[in-house]
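# Inside the fold
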Amino acid sequence: MDISTLSKQLNIPVQQLRFKMNAAGFRISPKANKIDNQIAKQVLAAFSQKPRTETIVKNKDISLPKVLTVKELAAILGMEVTTVIKQLIQNGVMATINEEIDYDTAAIVASDLGFNVSETVESSTRLGLGYVEEVLKAEMASNPLDFVTRASVVAIMGHVDHGKTTLLDTIRKTKVVETEAGRITQHIGAYQIAKNNKQITFLDTPGHEAFAAMRARGANVTDIIVLVVAADDGVKPQTIEVINRAKITETPLIVAVNKIDRPDANIERVKKELGEYGVLIEEWGGRVPLANISASTGQGVEELLDLILLQAEVLDLKANPKGQTLGTVIESHVSKTLGPVATVLVQNGTLNLGESVAVGRAFGKVRAMIDAKGHRVKNAGPSTPVQITGFSDSPDAGDILKTYQTPDEAKIAASAVLKSERAKKFQTTSKLSVEGKDLNLIFKVDVAGSLEAINEALDKLKNTEVKLNIIDQGVGEINDNDILRAEAANAVVVGFHTKLSPQAAKLSQSKQVTVRLYDIIYELIEDLTRQIVEMMTPEVVRTDLGRAKILAVFRTEKERMIVGGTVVEGKIKVPALVQIKRGDQIMGPGEILELQQNKTKTREVLAGFEFGISVRTDVKIEAGDTLIIFEESIKKKSL
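Residues numbered from 1 in each chain as written. Predicted model: local features only at pLDDT ≥ 70, side-chain atom pairs only at ≥ 80, totals over all residues. Heavy atoms only, no water.

### Things to note about the pattern of salt bridges
Applied cut-off: Salt bridges are counted wherever a side-chain nitrogen of Lys or Arg sits within 4 Å of a carboxyl oxygen of Asp or Glu. Per the convention used, a helix needs a DSSP run of H or I reaching at least four residues, while a strand needs a run of E reaching at least two, with both numbered from the N terminus. Think of it in three bands: with a 1.4 Å probe and only protein chains considered, a residue is buried below 20% of the maximum accessible area for its type, exposed above 50%, and partly exposed in between.
Counting across every chain of the model gives 28 salt bridges. Measuring nitrogen to oxygen at the nearest pair gives 3.2 Å for the salt bridge that ties Asp169 to Arg172. In this pair, Asp169 and Arg172 both sit in helix α8 (residues 164-172), three residues apart, roughly one turn of the helix. Both residues of the pair, Asp169 and Arg172, belong to the buried class. Between Arg269 and Glu273 there is a salt bridge, with its nearest N and O atoms 3.8 Å apart. Separated by four residues within a single helix, Arg269 and Glu273 lie in helix α11 (residues 267-276), roughly one turn from each other. When salt bridges that share partners are traced, they join Lys195, Glu302 and Asp306 into one network.

### Here we look at the sheet that holds strand β17 (residues 362-370)
Within a beta sheet, neighbouring strands are joined by backbone hydrogen bonds and run either parallel or antiparallel to one another. Which entries qualify depends on this criterion: A pair of strands is considered paired only if DSSP assigns at least 2 bridges between the two. Angles run from 0 to 180 degrees between N-to-C directions of axes, and those axes are lines fitted to C-alpha atoms, restricted for helices to the stretch in contact.
Spatially, β13-β14-β19-β17-β16-β20 is the arrangement adopted by the six strands of the closed barrel, whose pairing is antiparallel. This sheet shows a mean twist of 45° between the axes of neighbouring strands, independent of strand direction. Relative to β17, strand β16 (residues 356-359) is paired through four bridges, and the arrangement is antiparallel. Note on β17: the bridge partner recorded for Ser356 is Lys365.

### Quick notes on the sheet that holds strand β23 (residues 492-496)
Put simply, the rule is: Contact between two residues is taken to exist if any of their heavy atoms lie within 4.5 Å; hydrogens are not considered.
The parallel open sheet is built from four strands, whose spatial order is β22-β21-β23-β24. The outermost strands of the open sheet, each flanked by one partner alone, are β22 (467-475) and β24 (515-518). Taking the axes of each pair of neighbouring strands and ignoring which way they run, one obtains an average angle of 20° across the sheet. Lying over the sheet, helix α15 (residues 480-489) contacts β21 (438-445), β22, β23 and β24, oriented at roughly 175° with respect to β21. This element, helix α17 (residues 521-535), spans β21, β22, β23 and β24 of the sheet and lies at about 165° to β21.

Just geometry here; none of it tells us what the structure is for.
Given below as structure tokens:
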């Protein structure tokens, strides 16, 4: 059938009909003049002015989520997609079959089609760290004989540059520290070593202040914290934070006093400072073991490992390798060749190659597992860190991995989390302010843990004047979609430890989208802080200088007067501003242009002396008026 014929039958202009057909999912070439007769019948049914009452179910109760696609809405209503799209168009909404709409829009359409609508109450579907503890307690109660001794999980923590990564390098006999940007550890790594035929799993946690959230997560999944304190530097802010974190989570501490080979090392001072924060070492009658070490030379490291094994023995750590397989994502990133890759610490059960898993919004089958030594393995038991591939998406650090019987079960669990996240993102995007006091940002990073660290730092930049809106954030290279999203939202794209694809680079120039790339997190935070401060309205600070009495008016010109008087309090100076007061009433403002004393130009005149001034003002100054002299300065606000 000719499109022009169809246009006449529907009484819709040809161009408008083409638009509606494409919006409704009928993909029509812009140059096509004819369409298949079967498609023509469907178009007639969709856009005919005669309502298709036979498909409308009256007084039917339905529940809709916060966000859903047009196709999903049609399925819930039990109606043709074309009928739903037609109703959307009649309400002024042009949406394609796979396009998302919010609850309010969907509710209006459903109501127009005769349904009684309510919003679905969605509970949180993302598993938390507490879930692992609950499963372990339940399995211990029902199958205690299945539990076996597991390796201790140890987090090495402390202040920046106190030698945490160097210590781990000495233990692992590697040199990771030399590859770190700015020589600051910026990701969590998980490693496993053997000592006296016993395994110890280490988490290398960053020490920079911006990574508080990552350190907090590390403390929640670890059995023992090794607190590294430099003997030449003592207790510092992150040292105190680790101490407090250990107290909150009731995680045992072992203190490693590092850099004892330095000439200015003061071990006794470190012990005293630790005692001031409630960390009483065994030598002083407390319960906290302490090892004196030099991470760079290896001195005392073996003794430290012995202390860890002793503490693990006391804790009597157990897990069920036959139970429900659960683990925590320590880190994740997107590989160009492997896709999403996650480092997972298995906490219970045994993870096997090929098993169906869900972790946060991601799901899939375990396609490959690599252990801490880089070897491919087929299974991983409790306290074992492994890198896993096979996910549909990059999971977030801290997400709980769980195995399922079938791929469909895993997909359903992940889809529930994804829907919840989509709803939150949809709400955030739709509520963007247009007042010009918003800083809209899109973040792309190399690994999920970096997002957690950045979000933690951004929390400290919140203020009442400039609103930070995270339009989107994800793992991987900055691509065309990021640039287009930034253009639509008037956002800045921020990349951390990631690249800008060549296509995205060209597109950002043509669309005039700002892209900023960083390798050091505190530089990123400093730049954002500076931008927020620049967007804030500067504070005008007024400083009162003095008061003067007008005794005579010498000349009156347009917007300018020459008057004389005496300073009764403080001083009068040039340049300065004045308020002209007559009785109890402020008549208006003025600005001193020139100041004389005894007919000689001067910079200021003090109390008790007479003066003559030229002042710019719209007020007609009279003898007897009082001048209130003051200065104003601009003070930039700070966070």
